[in-house]
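# Residue-level structure breakdown
Each chain, written out:
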Amino acid sequence: METIKPVILLLVAGISALVIGCTHNDGDIGGYFGTWKLEEITVDGEEMAEYGKDMFWQFQSSVFCMRVVLENHNQENRWGTWYEDSGSLYVDFSHSEDGDNSVKYLPFPETHFETGLNRLEIMNFSKRRMTLEFIGSDGVIYRYKLKKWK
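Please read all numbers here as calculations on a predicted model, not as lab measurements. Per chain, the residues get numbers from 1 upward, laid out in the order the sequence is written. Selection of residues for local features in this predicted model requires a pLDDT of at least 70, selection of side-chain atom pairs for listing and counting requires 80 or more, and totals for whole chains, interfaces and linings are taken over all residues. Note: side-chain values were computed over all heavy atoms of the structure, leaving out hydrogens and water.

## Observations regarding the overall build of the protein
Operational definition: Strands here mean DSSP runs of E at least two residues long; helices mean DSSP runs of H or I at least four residues long; both are numbered from the N terminus. Summary of the burial criterion: residues with accessible area below 20% of their type's maximum are buried, those above 50% are exposed, and those between are partly exposed, where the area comes from a 1.4 Å probe applied to protein chains only. Only heavy atoms matter for contacts: two residues are in contact if any of them lie within 4.5 Å across the pair.
Each helix and strand counted, the protein has one helix and nine strands in total. The secondary structure elements of the protein, listed N-terminal to C-terminal, are α-β-β-β-β-β-β-β-β-β. Counting all 150 residues of the protein, 35% fall into the buried class. Look at the contacts in the protein between residues 6 or more apart in sequence, and 46% of them connect residues 24 or more apart.

As structure tokens, this is what we get:
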């Protein structure tokens, strides 16, 4: 009986760790965590017709990924970092790797984000939907409507 108690305690501790441990790499960062589908982009209030509704935004820790799904389910990714502060979401595309001339650290052109730090005002945010507004250096107002995907 004395040898069964430690085995049972070890088994209970192991199962508890699995049940209450982190369910996401790097921990759950709250409502932004996961994948969001960019459903609509508007430019000064008019829907941007040339946007193909094929982009996803992903948030994890401080890493931000824009993913476009291409034909045959191929993908192209763009990488940056992000943080939230005082009702705004900041997305930074100023990163690079030594000698890397690729576009993987540049925003997709259809977002009209700029290289460097971009401030997006949070217009609406819930568990399932998010609306963000970005004012470009040219004064044009871009609005992004996203829906939680995963």
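## Some points on the pairing of strand β1 (residues 34–43)
Rule in force here: Two strands pair under a simple rule: DSSP has to find at least two bridges between them.
Buried residues dominate β1, accounting for eight of its ten residues. Summarising the sheet, β1 and strand β3 (residues 55–60) pair through five bridges and their orientation is antiparallel. Considered in β3, the bridge of Trp-36 is made with Trp-57. As paired elements, β1 and strand β9 (residues 141–148) share seven bridges and run antiparallel to each other. Considered in β9, the bridge of Glu-40 is made with Lys-145.

## What about the packing of aromatic side chains?
The criterion, for reference: Whether two aromatic rings pair depends on their centres lying within 6.5 Å, for rings of Phe, Tyr and Trp, where Trp uses its six-membered ring; planes under 30 degrees apart make the pair stacked, over 60 edge-to-face, and the rest tilted.
By the definition in use, this model includes 16 aromatic pairs. On the numbers, 5.1 Å between centres and 55 degrees between planes, the contact of Phe-59 with Phe-64 is tilted. According to the relative accessible area criterion, Phe-59 is buried, its value standing at 2%. Feature note: the residues Tyr-32, Trp-36, Trp-57, Phe-59, Phe-64, Trp-82, Phe-93, Phe-113, Phe-125, Phe-134, Tyr-142 and Tyr-144 constitute an aromatic cluster, connected by ring pairs.

## Quick word on the side chain of Arg-67
For clarity, the cut-off: Residues counted as positive are Lys and Arg, residues counted as negative are Asp and Glu, and His and the chain ends are not counted. One speaks of a salt bridge when a side-chain nitrogen belonging to Lys or Arg is within 4 Å of a carboxyl oxygen belonging to Asp or Glu. Each polar contact in these results corresponds to two N or O atoms within 3.5 Å; when the atoms are within protein, one needs to be able to donate a hydrogen and the other to accept it, and residues that are neighboring in sequence are counted only if both atoms are side-chain atoms.
Mapping Arg-67 onto the fold places it in strand β4 (residues 63–69). Glu-76 is the oppositely charged side chain nearest to the buried, salt-bridge-free Arg-67, at an N-O distance of 11 Å. Within polar-contact distance, the side chain of Arg-67 engages the side chain of Gln-58 at 2.8 Å. Side chain to side chain, Arg-67 and Asn-77 meet in a polar contact 2.7 Å long. In this structure Arg-67 touches Asp-54, Met-55, Phe-56, Gln-58, Gln-75, Glu-76, Asn-77 and Phe-108, once residues within four positions along its chain are discounted.

## Remarks on the nonpolar core
Side chains of a nonpolar character, in soluble globular proteins, are inclined to be buried together. Rules: In plain words, nonpolar cores are sets of buried Ala, Val, Leu, Ile, Met, Phe, Trp, Tyr and Cys residues tied together by side-chain atoms within 4.5 Å.
Within the largest apolar cluster, 27 residues are counted, with the highest numbers of intra-cluster contacts made by Trp-57, Phe-59, Leu-120, Leu-132 and Tyr-144. Broken down by secondary-structure element, the contributors of at least two residues to this core are β1, β3, β4, β6 (88–92), β7 (117–125), β8 (129–135) and β9. If we skip the residues at most four places from it in the chain, Leu-120 touches Trp-57, Gly-87, Ser-88, Leu-89, Val-91, Phe-113, Leu-132, Glu-133, Phe-134 and Tyr-144.

## A look at the pattern of salt bridges
Counted under the stated rule, the structure contains six salt bridges. Measuring nitrogen to oxygen at the nearest pair gives 2.8 Å for the salt bridge that ties Glu-76 to Arg-78. With a closest N to O distance of 2.5 Å, Arg-143 and Glu-133 form a salt bridge. Here Arg-143 is found in strand β9, whereas its partner Glu-133 is found in strand β8, with ten residues between them in sequence. With relative accessibility at 28%, the residue Arg-143 sits in the partly exposed group. A residue is classified by how much of its surface remains accessible, and Glu-133, at 14% relative accessible area, is buried.

Remember that the coordinates give geometry; whether it matters functionally is a separate question.
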